[in-house]
4 protein chains.
Amino acid sequence: MRKRDVVVIASSTDTHAELLQRGAAAGKAMFCEKPVDLDVVRARACAQAVGKAGVACMIGFQRRYDPTFAALKARLAAGEIGEPEMLVITSRDPGAPPIEYVSTSGGIFKDMLIHDFDIFRWILDDEALSLFATGSCLTDPAIGGVGDIDSTAVTIRTRRGRLAQINTSRRAAYGYDQRFEVLGSKGMLQAGNHKPTEVFAHTADNIGHDKPEHFFLERYRVAYATELAHFFDALANGKPLDITIQDGVKALELAEAATRSWRERRAIEL
Amino acid sequence: MRKRDVVVIASSTDTHAELLQRGAAAGKAMFCEKPVDLDVVRARACAQAVGKAGVACMIGFQRRYDPTFAALKARLAAGEIGEPEMLVITSRDPGAPPIEYVSTSGGIFKDMLIHDFDIFRWILDDEALSLFATGSCLTDPAIGGVGDIDSTAVTIRTRRGRLAQINTSRRAAYGYDQRFEVLGSKGMLQAGNHKPTEVFAHTADNIGHDKPEHFFLERYRVAYATELAHFFDALANGKPLDITIQDGVKALELAEAATRSWRERRAIEL
Amino acid sequence: MRKRDVVVIASSTDTHAELLQRGAAAGKAMFCEKPVDLDVVRARACAQAVGKAGVACMIGFQRRYDPTFAALKARLAAGEIGEPEMLVITSRDPGAPPIEYVSTSGGIFKDMLIHDFDIFRWILDDEALSLFATGSCLTDPAIGGVGDIDSTAVTIRTRRGRLAQINTSRRAAYGYDQRFEVLGSKGMLQAGNHKPTEVFAHTADNIGHDKPEHFFLERYRVAYATELAHFFDALANGKPLDITIQDGVKALELAEAATRSWRERRAIEL
Amino acid sequence: MRKRDVVVIASSTDTHAELLQRGAAAGKAMFCEKPVDLDVVRARACAQAVGKAGVACMIGFQRRYDPTFAALKARLAAGEIGEPEMLVITSRDPGAPPIEYVSTSGGIFKDMLIHDFDIFRWILDDEALSLFATGSCLTDPAIGGVGDIDSTAVTIRTRRGRLAQINTSRRAAYGYDQRFEVLGSKGMLQAGNHKPTEVFAHTADNIGHDKPEHFFLERYRVAYATELAHFFDALANGKPLDITIQDGVKALELAEAATRSWRERRAIEL
C-alpha cells in the first residue's frame with residue numbers, strides 16, 4: 001500500500017457520491033464516512049462503481065468498533081446467550097443540531113438512525129423483512145417546521161422472524177444515551193453507557209454516579225481510532241474489510257423504508 | 001361496608017363476565033382479576049352493567065401497586081423529568097405456561113400484554129391513537145401450533161404524539177424481566193427488576209448478582225396485598241377506586257387491536 | 001412447647017441479667033435481645049446460670065437472618081469463594097440516638113458495634129486473637145461530652161490469621177449503611193444495602209437511585225420476623241438454636257476489649 | 001526547559017537514591033518513580049539534597065492522576081460531602097510478584113501500601129498521629145518464607161481525629177481491586193473499579209459484568225500519561241509540582257511505621 005493509493009472521504013454528505021465514483025474510477029482504496037448518499041439510487045450507483053472497479057471501500061460505521069459493542073458482538077457470536085431473538089436499541093442525543101443542519105440532513109432516519117440500522121444488521125446478522133416506523137416532533141417545534149421529527153419508534157421483523165425495536169430522540173437531558181440489549185435463547189446481553197469516572201456520591205438526596213460521556217466524540221473516540229486502524233491494517237495485510245459499501249447501501253435502504261413508513265403510516269415490506 | 005356487600009372475583013377468565021353482571025345486578029361492590037373477558041363486546045357489556053348499577057368495580061392490574069412502579073409514577077407525576085415523551089416496556093416471563101393454557105388464553109396480547117397496555121395508559125396518562133404489533137414464534141413451536149406467538153414487538157403513538165414500545169417474550173432464561181423506562185423533557189426514570197438479595201459475587205468469571213425474583217407471585221407479592229388493601233380502604237372510606245372496569249375495557253381494546261395488527265400486518269388507527 | 005414455657009426478653013438492657021437468671025431458675029426457654037448485659041462478668045454469670053439450668057437461650061442478633069447476609073453466609077459456607085481471608089464491615093447509622101441514651105448505652109462498642117462483632121464471629125467462623133480499636137468524636141461534641149465517641153475503626157486478627165476491619169459512624173447523611181465484604185482465596189462476596197425501590201433517575205445532575213432503607217426497623221424488618229420464627233421452630237421441633245447466650249458473651253467480650261484498646265491506645269491480646 | 005535539564009528516574013529502587021543525589025548536584029529537575037528509597041534515613045538525605053540544590057523533584061504517585069480518583073478528590077475539595085471523617089481503602093493485586101522480587105521489595109508495606117499511604121495523605125489532607133498495622137501470610141507460604149506477609153490491615157488516626165483503614169492483599173481472584181471511599185459530614189464519595197467494557201450478561205447463572213481492568217498497567221495507563229504531562233507542564237510553565245520528594249518521604253515514613261507496628265504488635269505514635 002502506498003499513500004497515494006488510499007482516499008479517506010470525511011467531507012460533507014453531498015460530496016460523498018462524486019468522490020466515491022472518482023476514487024473508484026482512479027482505482028483507489030477508499031474509506032468513506034456514512035452515509036454513502038441521502039439518495040438510495042445514487043448510493044447504489046456508487047456501490048456498483050466500486051464493485052466494477054474492484055476497489056476496497058469501507059463505510060464509517062464506527063460504532064462497531066466501540067469496545068463495549070464489539071465485546072458484546074463477540075460474546076454473542078461465541079454463543080453465550082444462544083440464538084438471538086430480540087434486539088432493543090436506545091439511541092438518544094444530548095441535544096439536536098442547529099436547525100440549518102436538520103433541514104438538510106435527509107431527515108432523522110437517514111441522519112441519525114442510519115447508525116442504528118447498521119447496528120441492527122450487524123448484531124442480528126440478519127436482514128429486515130418488514131419495518132414499521134412512527135415518530136413525533138416533541139422537543140422543538142422548529143424541527144417539525146422543516147418537516148422532520150425528533151422522536152422515533154421503529155420495529156423490524158427479520159427474515160428469520162427475529163424482532164428489533166429502536167427508540168430514538170434528539171434530546172436526552174441526561175446526555176448521550178447509547179444502549180442496546182439482545183435477548184437470546186439462553187440469556188441476554190446488554191451494552192450500557194460509558195461513564196467518564198467511577199465516582200459514586202451518596203448524599204441526603206440520592207446515590208448517584210456520572211452521566212454518560214457527553215456525545216459521540218467522547219463516547220466513540222476509541223471506536224474512531226480502531227475503525228481506521230482496521231481499515232489500514234486490512235489494506236496493508238490483504239484482509240477483508242469488516243464493513244463494505246454494501247453495508248452502507250443496506251442501512252440507507254432501511255432509513256429510506258423507515259421514512260416512507262412514517263410518512264405513509266403503514267408497515268413496509270422489504 | 002358489610003362483608004356481604006363485596007364480591008372478589010378471582011376465578012378463571014371465562015367466568016368473569018357472568019359473575020360481574022350478576023354482581024352488578026345484586027348491587028355488590030366488586031374486585032375482579034384481569035381480564036374482564038377475552039371478548040371486547042362482552043367486556044363492554046359488563047362495564048355497562050356496572051355503570052348502570054352504579055356499583056364500584058375494580059380490575060386487578062396489580063402492577064400499579066408495585067413499590068418501584070408506584071414510586072416511579074409518583075415522581076413522574078411530580079414533574080421530576082418534565083413532560084413524558086417515550087416509554088419503553090420490557091416484559092418477559094421466565095417460561096411459557098402449559099400449552100393447554102396457551103391454547104385457551106386468548107393469545108399473548110390478551111393474556112400477557114394486557115398488563116403492559118395498562119401500564120402504558122397509566123404511566124403516560126394518555127390514550128393510543130395508532131398501534132402496530134408484530135411477533136414471532138421463536139421459543140417453542142408448540143405455541144405456533146396453536147396459532148399463537150411467543151415474542152412480540154408493539155409500538156403505540158398517543159393522541160398527544162407520545163411514543164411507546166413494548167417488547168415481550170414468553171421466555172427469558174435469566175428470569176422474570178419487568179422493566180420500563182420513561183424519557184421526559186428533563187430526564188429519564190427507569191424501573192428496574194427486584195433482586196432477592198443484595199449479594200454481589202466477584203470471582204475469576206465475572207462480577208455478578210442475583211437474577212430477578214422468580215416470577216409474578218414473588219415480584220408482585222407486595223403489589224397484590226397493596227391492591228386489595230386499596231380496594232377495601234376505598235370502599236370503607238368512600239374514596240374513588242384507582243382502577244375501574246373502564247380501565248379493564250381499554251386495556252382489552254388495545255390487546256384486541258394488537259392482535260388484529262399482528263394478524264393483518266398493518267398499523268391500526270384507534 | 002407450651003406458652004408458659006417461653007420467655008421473650010425485649011426490655012431495656014439493665015433488666016436483662018435479672019430476667020435471664022430468674023428465667024433460668026424457672027426452667028424457661030428464653031429469647032433475649034442483645035446485649036446480655038453491659039458488664040462482662042454479669043453476662044458470664046447469666047450464661048453460667050443458663051448452662052446449669054440446661055434451658056435454651058437465644059440472643060437476638062437479628063442481622064444473621066437478614067436475607068442478604070444469610071445468603072452470603074450460605075454461599076461462603078458452600079465454598080463459593082474458597083477460604084475466607086479478610087472481612088471488611090461498614091456499619092453506620094443515619095443519626096445518633098438522644099444524648100441521654102448515649103450516656104447510658106455502655107459506649108459505642110457495646111451499644112453499636114456489638115452487632116458487628118457478632119457478624120465478624122459468624123461470617124469468619126473464627127475467634128479473635130488480637131484486637132485494636134481507635135475512634136474519635138467527630139459528629140457531635142455532646143457525645144464526647146459524655147465520654148463516648150461516634151466514629152470508630154477496629155482491626156481484628158483471628159486465631160487462623162484472618163483479618164477483619166470494622167468502620168462505624170453514628171451519622172451517615174445518606175442513611176443506614178450496612179455493608180460487608182469477605183475476600184476469599186477464590187473471590188469476594190459483598191453484602192450491599194437494601195433500597196426501598198428500584199427506580200433510577202437520569203437527570204441533568206446525575207444518574208441516581210434511592211438511598212438505603214432508612215434505619216434498622218426498615219432494613220431488618222424481615223430479619224426480626226425470621227429470627228423469632230427460628231427460635232420458636234427450634235423449640236417446637238427440638239432443633240439446636242442458631243445463636244446461644246455464649247455468642248452473646250463472646251460479642252460482649254470483644255466490645256469490652258475494643259473499649260479498653262481505644263482507651264489505652266494499644267492492641268489487646270485475647 | 002531544555003531536554004538536558006530534566007532527569008526521569010524509572011530504574012530499580014536501589015538506584016534511586018544515588019541518581020537523585022547526582023541529579024540534585026547537577027541542578028537537574030527530576031521525576032522519580034516511588035519509592036524514594038527503602039531506607040527512611042537515605043530517603044530523607046535525598047530530600048535534603050534536593051532542597052539544598054533547589055531543584056524540582058516529583059515522585060511518581062500516579063494514582064493521584066487516575067480520572068476517578070482525581071474527580072473524587074476535586075469533588076471532596078469542593079465540599080460536596082462536607083468535612084471528611086473516615087477513609088476506607090481497598091487495595092488488592094490480582095497476584096503476587098515472583099518470590100525473588102518479594103524478597104528484595106522491602107516488604108509489603110513499603111512495596112505495595114506506599115501508594116495507599118500517599119492516597120491517605122492526599123485525600124484526607126492530614127497527617128497520621130497514630131498507626132496500627134497487622135497482617136498475615138495467607139495466600140502463599142513462600143511469602144512468609146522470606147519474612148513477609150501478603151494480607152494487611154492498617155488503621156490510622158490523624159491529627160484532626162480522622163480515621164483511615166487500609167486493607168490489602170497480594171491476591172484477589174477477581175482481579176485488580178482499587179477502591180476507596182470517604183465518609184464526610186454530608187455524605188460519602190466512593191471510587192469504584194474500572195471495567196474494560198460496559199457489557200452486562202444475564203444468564204441462568206447470574207447477572208454479571210466484567211471484572212476490573214487486569215492490573216496497574218491497564219488501570220493506570222491514563223494516570224501515568226497525565227502524571228508525566230503534569231510534570232513537564234509544571235516545569236515548562238513555572239507551576240508548582242503536585243507531588244514533591246517530601247511526599248515520597250512522608251509515605252515511606254508511614255510504611256516504615258506500619259512495618260514496625262506489625263512486627264512489634266503495637267500501635268505506633270508518629
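Residues numbered from 1 in each chain as written. Chains lettered and ligands numbered in written order. Predicted model: local features only at pLDDT ≥ 70, side-chain atom pairs only at ≥ 80, totals over all residues.

### A closer look at the overall build of chain A
The helix and strand tally for chain A stands at 10 helices and 12 strands. Against the globule reference of 18 Å for 270 residues, chain A gives a C-alpha radius of gyration of 19 Å, in line with a compact fold. For chain A, the residues scored as buried account for 54% of the 270 residues in total. Across chain A, every contact between residues at least 6 apart in sequence was considered, and the portion connecting residues at least 24 apart equals 72%. (Helix = DSSP H or I, 4+ residues; strand = E, 2+ residues; numbered from the N terminus. Rg over C-alpha atoms; globule rule 2.2 N^0.38 Å. Buried ≥ 20, exposed ≤ 12 C-beta atoms within 10 Å, placed from the backbone. Contact = placed C-beta atoms within 7 Å.)

### Description of the relation of the copies chain B and chain D
Superposition record for chain B on chain D: RMSD 0.0 Å, screw rotation 180°, translation along axis 0.0 Å. Such a turn and shift between the copies fits a two-fold axis. The C-alpha atom lying nearest the rotation axis in chain B is that of G208 of chain B; the distance is 2.0 Å. By residue overlap, the copies meet face to face through one surface: 100% of the interface positions of chain B are interface positions in chain D. (Least-squares fit on C-alpha atoms with pLDDT ≥ 70 in both.)

### Considerations on the interface of chain C and chain D
At the interface, 28 residues of chain C touch 28 residues of chain D. Those elements giving two or more residues to the side of chain C that touches chain D turn out to be β4 (84–92), β5 (128–136), β6 (151–158), β7 (163–169) and β9 (187–191) of chain C. A class-by-class count of the residues in the side of chain C that touches chain D yields 12 nonpolar, 11 polar and 5 charged. (Nonpolar A, V, L, I, M, F, W, Y, C, P; charged D, E, K, R; others polar.)

### Quick notes on the relation of the copies chain C and chain D
Once turned by 180° and shifted 0.0 Å along the axis, chain C lies on chain D with an RMSD of 0.0 Å. Mapped onto chain D, 100% of the interface residues of chain C again fall at the interface, so both copies present the same surface.

### Some words on the pairing of strand β6 (residues 151–158) of chain B
Regular strands have side chains that alternate between both faces of the sheet. Residues and elements named next belong to chain B. In terms of burial, β6 is a largely internal element, 8 of the 8 residues being buried. Where burial is concerned, the two faces of β6 agree: the one with S151, A153, T155 and R157 and the one with T152, V154, I156 and T158 are both buried. Inspection of the sheet shows strand β5 (residues 128–136) paired to β6 by 8 bridges, in the antiparallel sense. Along β6, the bridge assignment pairs S136 with S151. (Pairing = 2+ DSSP bridges.)

### Quick word on unusual backbone geometry
All names here are of chain A. Here K34 and P35 are connected by a cis peptide whose omega angle stands at -10°. Of note, D125 is a non-glycine position whose phi angle comes to about 50°, a positive value. On the secondary structure map, D125 appears in the loop between α6 (113–124) and β5 (128–136).

### Considering helix α9 (residues 221–237) of chain A
Residues and elements named next belong to chain A. Taking 1.5 Å of rise per residue, 17 residues should cover 24 Å, and α9 covers 24 Å from first to last C-alpha, within 8% of that figure. Turning to α9, its buried residues are A223, E227 and F231. Viewed along the axis of α9, the buried residues span an arc of 80°, placing them on a single side of the element. Looking at α9, the residues exposed on the side facing more than 90 degrees away from the buried face are A225, A229, D233, A236 and N237. Against the buried residues of α9 lie β2 (29–33) and β3 (57–60). Positioned one or two residues after α9, G238 has a phi angle of 65°, which is positive. (Expected span 1.5 Å × (residues − 1). Arc of directions from axis to C-beta.)

### Section: the sheet that holds strand β3 (residues 57–60) of chain D
All names here are of chain D. In space, the 3 strands of this open sheet follow the order β1-β2-β3, with parallel pairing throughout. Every other strand in the sheet has two partners, leaving β1 (6–9) and β3 as the edge strands with one partner each. Between one strand axis and the next, the sheet turns through 10° on average, direction left out of account. In this sheet, strand β2 (residues 29–33) lies alongside β1 in parallel orientation, the contact comprising 4 bridges. Of the residues in β2, the one forming a bridge with V8 is F31. The strands that helix α9 (residues 221–237) touches are β1, β2 and β3; relative to β2, the one it contacts most, it runs at about 165°. (Axes fitted to C-alpha atoms, helices over the stretch in contact; angles between N-to-C directions.)

### Overview of the sheet that holds strand β3 (residues 57–60) of chain C
Residue and element names in this part refer to chain C. Taken in spatial order, the 3 strands make up an open sheet running β1-β2-β3, and their pairing is parallel. A single partner strand is all that each edge strand has here, and the edge strands are β1 (6–9) and β3. The average undirected angle you get between the axes of adjacent strands in this sheet is 10°.

### Digging into the interface of chain B and chain D
Listed by partner, the interface residues are 11 residues for chain B and 11 residues for chain D. Every element with two or more residues in the side of chain B that touches chain D is listed here: β10 (199–203) and β11 (207–209) of chain B. Looking at which element gives the most residues to the side of chain B that touches chain D, the answer is β11 of chain B, with 3 residues. A per-class count over the side of chain B that touches chain D returns 4 nonpolar, 5 polar and 2 charged. Pairing analysis gives 3 bridges linking β11 of chain B to strand β11 (residues 207–209) of chain D, with the strands arranged antiparallel. Its bridge partner being in β11 of chain D, H209 of chain B is matched across the sheet by I207 of chain D.

### Section: the environment of H209 of chain C
Note on placement: H209 of chain C falls in strand β11 (residues 207–209). Judged by local crowding, H209 of chain C falls into the partly exposed class, with 17 C-beta atoms found within 10 Å. Excluding its chain neighbours within four sequence positions, the residues that come into contact with H209 of chain C are N206 and I207 of chain A together with K195, V199 and F200 of chain C.

### Quick word on the packing of helix α6 (residues 113–124) of chain C against helix α10 (residues 245–264) of chain C
Residues and elements named next belong to chain C. Orientation of α6 relative to α10, taken along the N-to-C sense of each, is 115°, at an axis distance of 9 Å. Where α6 crosses over α10, the two elements pack in a sense that is right-handed. Residues L113, I114, F117, D118 and R121 of α6 touch α10, and the partners they reach there are D247, K250, A251, L252, L254, A255 and A258. (Left-handed = near helix turned anticlockwise from the far one by under 90°.)

### What to know about the pairing of β5 of chain C
All names here are of chain C. In terms of burial, β5 is a largely internal element, 7 of the 9 residues being buried. Where β5 meets strand β12 (residues 268–269), 2 bridges bridge the pair, whose relative direction is antiparallel. Residue pairing in the sheet places L131 in a bridge with I268 of β12.

### With respect to the confidence of the model for chain A
Parts of the model with low pLDDT should not have their predicted coordinates read in detail. Per-residue confidence for chain A gives a mean pLDDT of 97; residues scoring 70 or more make up 99%. For this predicted complex, the interface confidence score (ipTM) comes to 0.96, while the overall pTM stands at 0.96. (pLDDT = per-residue confidence, 0-100.)

### Considering helix α10 (residues 245–264) of chain A
Residue and element names in this part refer to chain A. Helix length check: α10 (20 residues) gives 28 Å between terminal C-alpha atoms against 28 Å at 1.5 Å per residue, within 8%. Burial of α10 is extensive: 14 of the 20 residues sit out of reach of the surface. Following α10 by one or two positions, R265 adopts a phi angle in the positive range, close to 55°.

### Some thoughts on the environment of A29 of chain A
With respect to the secondary-structure elements, A29 of chain A resides in strand β2. Here A29 of chain A is in contact with D5, V6, V55, A56 and L235 of chain A, once residues within four sequence places are set aside.

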